[in-house]
Amino acid sequence: MAEESDLEKTESATPKRLEKAREEGQVARSRELASFALVAAGFFGVWGLSGSINAHLQSILRGAFTFDHAMVLDSHQMMIGAANASKEGMLTIFPVLAMTAFAALAAPMALGGWLLTTKTLAPKFDRLNPMTGLGRIFSSQGPIQLGMSLLKTIVVGGMAGWTIWSHKADVLGLLTKPIELALADAMHLLAVTCGMAIGGLFLVAAADVPYQMWSHAKKLRMSKEEVKREHKESEGDPHIKGKIRQQQRAAARRRMMQQVPTADVIVTNPTHFAVALKYTDGEMRAPKVVAKGVDLVAARIRELGREANVPMLEAPPLARALYHNVDLNREIPGALYGAVAQVLAWVYQLKRYKEDGGDKPDDPTDLDVPKELDKGMVSDADADQEAADTLTGDDNSNTSNGAAA
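Residues numbered from 1 in each chain as written. Predicted model: local features only at pLDDT ≥ 70, side-chain atom pairs only at ≥ 80, totals over all residues. Heavy atoms only, no water.

**Digging into the layout of surface pockets**
Argument step 1. Of the volumes computed, that of the second largest pocket is approximately 410 Å³.
Argument step 2. Considering the residues around the second largest pocket, the lining is formed by 14 residues, among which Val46, Trp47, Ser50, Ile53 and Met187 are closest to the centre.
Argument step 3. Listing elements by their share of the lining of the second largest pocket, those giving two or more residues are α2 (31-48), α3 (50-65) and α9 (179-219).
Argument step 4. The biggest single contributor to the lining of the second largest pocket is α3, with six residues.
Argument step 5. When its residues are assigned to classes, the lining of the second largest pocket shows ten nonpolar, four polar and no charged. (1 Å grid on protein atoms, 1.4 Å probe; cavity = no way out; pocket = protein on both sides within 12 Å on 5 of 7 lines; lining within 4 Å. Points joined across faces, edges and corners; volume = space filled by probe spheres on them. Helix = DSSP H or I, 4+ residues; strand = E, 2+ residues; numbered from the N terminus. Nonpolar A, V, L, I, M, F, W, Y, C, P; charged D, E, K, R; others polar.)

Structural data, given as structure tokens:
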């Protein structure tokens, strides 16, 4: 497939695209900002520390031109003098070097932040291709970079030249002044000229920074198809997600079916719904729903219940209320305590009847089921969808139980 043109890339870069570009070393950078920061730090460092620099330079000159007859005949004294001069020289330039180093680190931080990556050090042999180099030279970036260079030359050179021209009388007047006063005035004029040149660099950097940010954002722009593809990759293929949900429901259903033989009673509709309840005195605060389903799932619950001799009770309102209002492995709500208590009492009576004989207990009728909990009959599609959602939700919220099963 042919590479998409820049005209098709109309969408802003996504956070994932920006993070990937940053990992590859692609961040907004401005050479003009770095140049301004370094020159400004050096100039103001020398200006602010001029007193200290002057003292150290005087110390170096004094040591170099002081004549001592004993030092002439002692070679060790010459090495000591050289070491002292080197020490004074380091003390002179070290503060300025520290300020410029800080500026070199702070300038990238102000625009794109620090970036430590080894990917930019990897060899790229396509850069050795002369055709690729010519393409970069004659691309749209070439004239822009040339224009920025010309602009920097014109602005910086123009401001420095204007400063000198406006002080031409002072420059010519240096010839008539004493040497000490002439040197002082010359240094002052030099400082003013350098300050104006740095001001020009600031203007160039102020114009270059927004352009570099815009150019970087444009370079990372994406087409609508790329955005859709990335969203699809991050969210997952719908078909794969559907398969995963289907497998989750199947696993949850298998675990649910394993709980049916342990239930105390199965409440049915009698054919559409089936809900299995379990209660252990002293371990549970209230009975729990250990299995529930509609249609085929309900039929399977009833089948497993018959095989395990689990009592089954036909109570349509209670079955519907339990199915719609209680999630798997959750306790029944307080509004159904009375109805479920009647059912469990019937179960205990039925168990005693099977063990000791006597009169068989009658099935409980007129169970107290609040009308707001009985949603009535629903369509097969709605019931199946609700069952699928319930199984999936239970599978996601009970991972540890599934692992144990």
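**A word on the nonpolar core**
Argument step 1. Core analysis: the biggest nonpolar cluster contains 43 residues, and Leu277, Ile301, Leu318, Leu322, Leu336 and Val340 have the highest contact counts within it.
Argument step 2. Of all elements in the fold, only α11 (238-259), β1 (265-268), β2 (273-278), β3 (288-294), α12 (295-307), α13 (316-325) and α14 (337-356) reach the threshold of two or more residues within this core.
Argument step 3. If you tally residues by element for this core, the top one is α14, at seven residues.
Argument step 4. Residues within four places of Ile301 in sequence aside, it is in contact with Met256, Met257, Val260, Ile266, Ala274, Ala291, Lys292 and Gly293. (Core = buried A, V, L, I, M, F, W, Y, C linked by side-chain atoms within 4.5 Å. Buried < 20%, exposed > 50% of the residue type's maximum accessible area, 1.4 Å probe, protein only. Contact = heavy atoms within 4.5 Å.)

**Describing the pairing of β2**
For a regular strand, the rule is simple: side chains alternate between the two faces of the sheet.
Argument step 1. The buried fraction of β2 amounts to five of the six residues, a majority that puts the element mostly inside the structure.
Argument step 2. Bridge analysis of β1 against β2 gives four bridges, and the strand direction is antiparallel. Across the sheet, residue Val267 finds its bridge partner in β2, namely Val275.
Argument step 3. Joining the antiparallel neighbours β1 and β2 is a turn of four residues. (Pairing = 2+ DSSP bridges.)

**Things to note about the sheet that holds β3**
Argument step 1. Taken together, four strands build an open sheet; the order of strands is β3-β2-β1-β4 and the sheet is mixed. Among the strands making up the open sheet, the edge pair consists of β3 and β4 (312-314). Within this sheet the neighbouring strands show an average axis-to-axis angle of 20 degrees, counted without direction.
Argument step 2. Inspection of the sheet shows β2 paired to β3 by six bridges, in the antiparallel sense. Paired with Ala274 across the strands is Gly293, a residue of β3. (Axes fitted to C-alpha atoms, helices over the stretch in contact; angles between N-to-C directions.)

**Observations regarding the packing of aromatic side chains**
Argument step 1. Applying the stated criterion across every chain, the model contains six aromatic pairs.
Argument step 2. Relative to Phe202, the ring of Phe36 lies with its centre 5.5 Å away and its plane at 55 degrees, an arrangement referred to as tilted. Note that Phe36 is positioned in helix α2 and Phe202 in helix α9, a separation of 166 residues in sequence.
Argument step 3. Ring plane angle 70 degrees and centroid distance 5.1 Å describe the contact between Phe43 and Phe44, whose orientation is recorded as edge-to-face. (Phe/Tyr/Trp six-rings, centres within 6.5 Å; stacked < 30°, edge-to-face > 60°.)

**Observations concerning unusual backbone geometry**
Argument step 1. We note that Asp295 has phi near 50 degrees; this positive angle belongs to a residue other than glycine.
Argument step 2. Its identity as a non-glycine residue notwithstanding, Asn309 has a phi of 60 degrees, on the positive side.
Argument step 3. Tracing the backbone through its elements, the reader meets Asn309 in the loop between α12 and β4.

**Examining the pattern of salt bridges**
Argument step 1. Counted under the stated rule, the structure contains four salt bridges.
Argument step 2. Note that Glu32 is salt-bridged to Lys152, the shortest N-O span being 3.2 Å. Residue Glu32 is found in helix α2, and its partner Lys152 is found in helix α7 (residues 141-166); the two are separated by 120 residues along the sequence.
Argument step 3. For Lys152, a relative accessible area of 25% gives the class partly exposed.
Argument step 4. A salt bridge links Lys177 to Asp185; its shortest N-O distance comes to 2.5 Å.
Argument step 5. A relative accessible area of 33% means that Lys177 is categorised as partly exposed. (Salt bridge = Lys/Arg side-chain N within 4 Å of Asp/Glu carboxyl O.)

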